[in-house]
Protein chains: 2
Amino acid sequence: MRLAELSERSGIPIATIKYYLREGLLPPGERVTATQARYGEEHLRRLGLVRALIQVGRVPVATAREVLSAVDDTSVGLSKRLGTAVSSLPQVTQSEHDGAGRDAASAKADALLEELDWDLPKQDPAYASLLSSIATLDRLGYPCDVAQLLPYGLLANQLAVSDIDLISEFEAPTTRLEAAVALTVLYEPVLLSLRRLAHIVEVKRRSLESDQD
Amino acid sequence: MRLAELSERSGIPIATIKYYLREGLLPPGERVTATQARYGEEHLRRLGLVRALIQVGRVPVATAREVLSAVDDTSVGLSKRLGTAVSSLPQVTQSEHDGAGRDAASAKADALLEELDWDLPKQDPAYASLLSSIATLDRLGYPCDVAQLLPYGLLANQLAVSDIDLISEFEAPTTRLEAAVALTVLYEPVLLSLRRLAHIVEVKRRSLESDQD
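This text gives an overview of the structure that appears in the document. (Residues numbered from 1 in each chain as written. Chains lettered and ligands numbered in written order. Predicted model: local features only at pLDDT ≥ 70, side-chain atom pairs only at ≥ 80, totals over all residues. Heavy atoms only, no water.)

### With respect to the overall build of chain A
Point 1. From N to C terminus, chain A includes 9 helices and 2 strands.
Point 2. Moving toward the C terminus, one meets the helices and strands of chain A in the order α-α-β-β-α-α-α-α-α-α-α.
Point 3. Residues counted as buried form 49% of the 213 residues belonging to chain A.
Point 4. The long-range share in chain A, meaning contacts at least 24 apart out of those at least 6 apart in sequence, stands at 61%.
Point 5. When the accessible surface of chain A is summed, it comes to about 9,800 Å², and 52% of that surface belongs to carbon and sulfur atoms.
Point 6. Distance from the positive charge centre (23 side chains) to the negative charge centre (30 side chains) of chain A: 9 Å. (Helix = DSSP H or I, 4+ residues; strand = E, 2+ residues; numbered from the N terminus. Buried < 20%, exposed > 50% of the residue type's maximum accessible area, 1.4 Å probe, protein only. Contact = heavy atoms within 4.5 Å. Areas by Shrake-Rupley, 256 points an atom, 1.4 Å probe, with all protein chains shown as cover. Lys, Arg positive; Asp, Glu negative; His and termini not counted. Charge placed at Lys NZ, Arg CZ, Asp CG, Glu CD.)

This is the structure we're talking about:
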């Protein structure tokens, strides 16, 4: 398809697509004349992922490029490509934490991972984000021991099973990786809004039961 | 305690505390001389919440003031105070969605809420955020039918039970509301980082099983 059709089908303005092409977020089309190029379904799919990253995930352009180059790196195995792509995504928290708080947080996180039987590379940015969240909860004096963290870990476990099932439905390796990255980003707000809605439902349920209010 | 001690115990610089006082995020201390005021444990606790909102939740100052005034509004019942406070928190997604996409997303969201047996006010911002996420997933061609959304909803349900149990341990109404708001914000990054870590664990487990990689 031509650029105009790619724009129409993706709902993304031509100027924005040209910007993504210049920034290397979208591979160039197949050149047909000096001024025209043809684009395929893979461009349409890639545009969807770029949009998920930039508009929903608010990922900076340089980071998006890093994520996409990991997706496209066929020199390494699939799970390595996936790991690099997902760990290049920005984390929700990146607040600093001091030494003392960090040690206590590490001890809690390790106890949690052991309880969950998760064998993980400690250098993963999601692990650093978990530590930082625990350190903040501690510093502010809110409960966050293994007892409070475990329900979250167990639910994350269950979610991961259905998430990976969903991703496994995509056949081609690159399509599967694109889906994994997009679904990681796109289901995060789904999860957070459902948690907030569930709070409302649960508070209402209890206040009807106790009629304290 | 004096301002210097409040700063030391909270780990927040004096200048920042003065800024919070000026912005009305922290109630004034009890004046003892023309230039000195005394602060109590409630100031320390409130500073923790302000910090959770602004530093972790990246809530703008005006929004934080709105959340806190809902927490402090003793003219209405507890669950109303909670509802207003939490729904004043910023949502993760606020991207716009067009008419057609919105209708399809509403139908899916309604089917999900019915399946979950959740009776909810449709004007809640978390509901708008859910709609917007579903519309985005749809537009980008990623799966998000009730089949995919339901596991998220069921897990959110379970989380809400343990979250509200945790909050119920705080006795005084205002302390409980402060905890509810703080824990809503502070556990969001915990949940997202655990989900990402669980993905790594699950992918590794499956690749060991299938040895495809």
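### Thoughts on the interface of chain B and chain A
Point 1. Each side of the interface is counted separately: chain B has 80 residues, and chain A has 80 residues.
Point 2. Of all residues in chain B, the largest losses of buried area upon contact with chain A belong to B:Tyr142, B:Tyr152 and B:Arg196, amounting jointly to 10% of the total for that side.
Point 3. Summed over the shared surface of chain B and chain A, the number is 8 salt bridges.
Point 4. In this structure, B:Arg196 and A:Glu188 form a salt bridge, with 3.0 Å as the shortest nitrogen-oxygen distance. (Buried area = accessible area lost by both parts, 1.4 Å probe. Salt bridge = Lys/Arg side-chain N within 4 Å of Asp/Glu carboxyl O.)

### Describing the pattern of salt bridges
Point 1. A full pass over the atoms with the stated rule returns 28 salt bridges over all chains.
Point 2. Close ionic contact of A:Arg205 with A:Glu202 constitutes a salt bridge, the shortest N to O distance being 2.7 Å. Here the residue A:Arg205 and the residue A:Glu202 both occupy positions in helix 9 (residues 173–210), the gap between them amounting to 3 residues, near one helical turn.
Point 3. Taking relative accessible area as the criterion, A:Arg205 reaches 39% and is therefore assigned partly exposed.
Point 4. Of the residues examined, A:Glu202 reaches a relative accessible area of 4% and is grouped as buried.
Point 5. Here B:Arg46 and B:Glu178 are joined by a salt bridge, their closest N and O atoms 2.8 Å apart. You can see B:Arg46 sitting in helix 3 (residues 41–56) and its partner B:Glu178 sitting in helix 9 (residues 173–210), a full 132 residues away along the chain. For the pair shown, B:Arg46 and B:Glu178 are each scored as buried.
Point 6. Residues participating in the shared-partner salt-bridge network are A:Arg45, A:Arg46, A:Asp72 and A:Glu178.

### So, the packing of aromatic side chains
Point 1. A full pass over the atoms with the stated rule returns 6 aromatic pairs over all chains.
Point 2. Their ring planes at 45° and their centres at 6.0 Å tell us that B:Tyr19 and B:Tyr20 sit as a pair that is tilted. (Phe/Tyr/Trp six-rings, centres within 6.5 Å; stacked < 30°, edge-to-face > 60°.)

### Here we look at the relation of the copies chain B and chain A
Point 1. Overlay of chain B on chain A (RMSD 0.0 Å): rotation 180°, translation along the axis 0.0 Å. Overall, the copies show the geometry of a two-fold rotation axis. Within chain B, B:Leu155 has its C-alpha nearest the rotation axis, a separation of 3.1 Å.
Point 2. Same-surface contact between copies: 100% of interface residues of chain B are shared with the interface of chain A. (Least-squares fit on C-alpha atoms with pLDDT ≥ 70 in both.)

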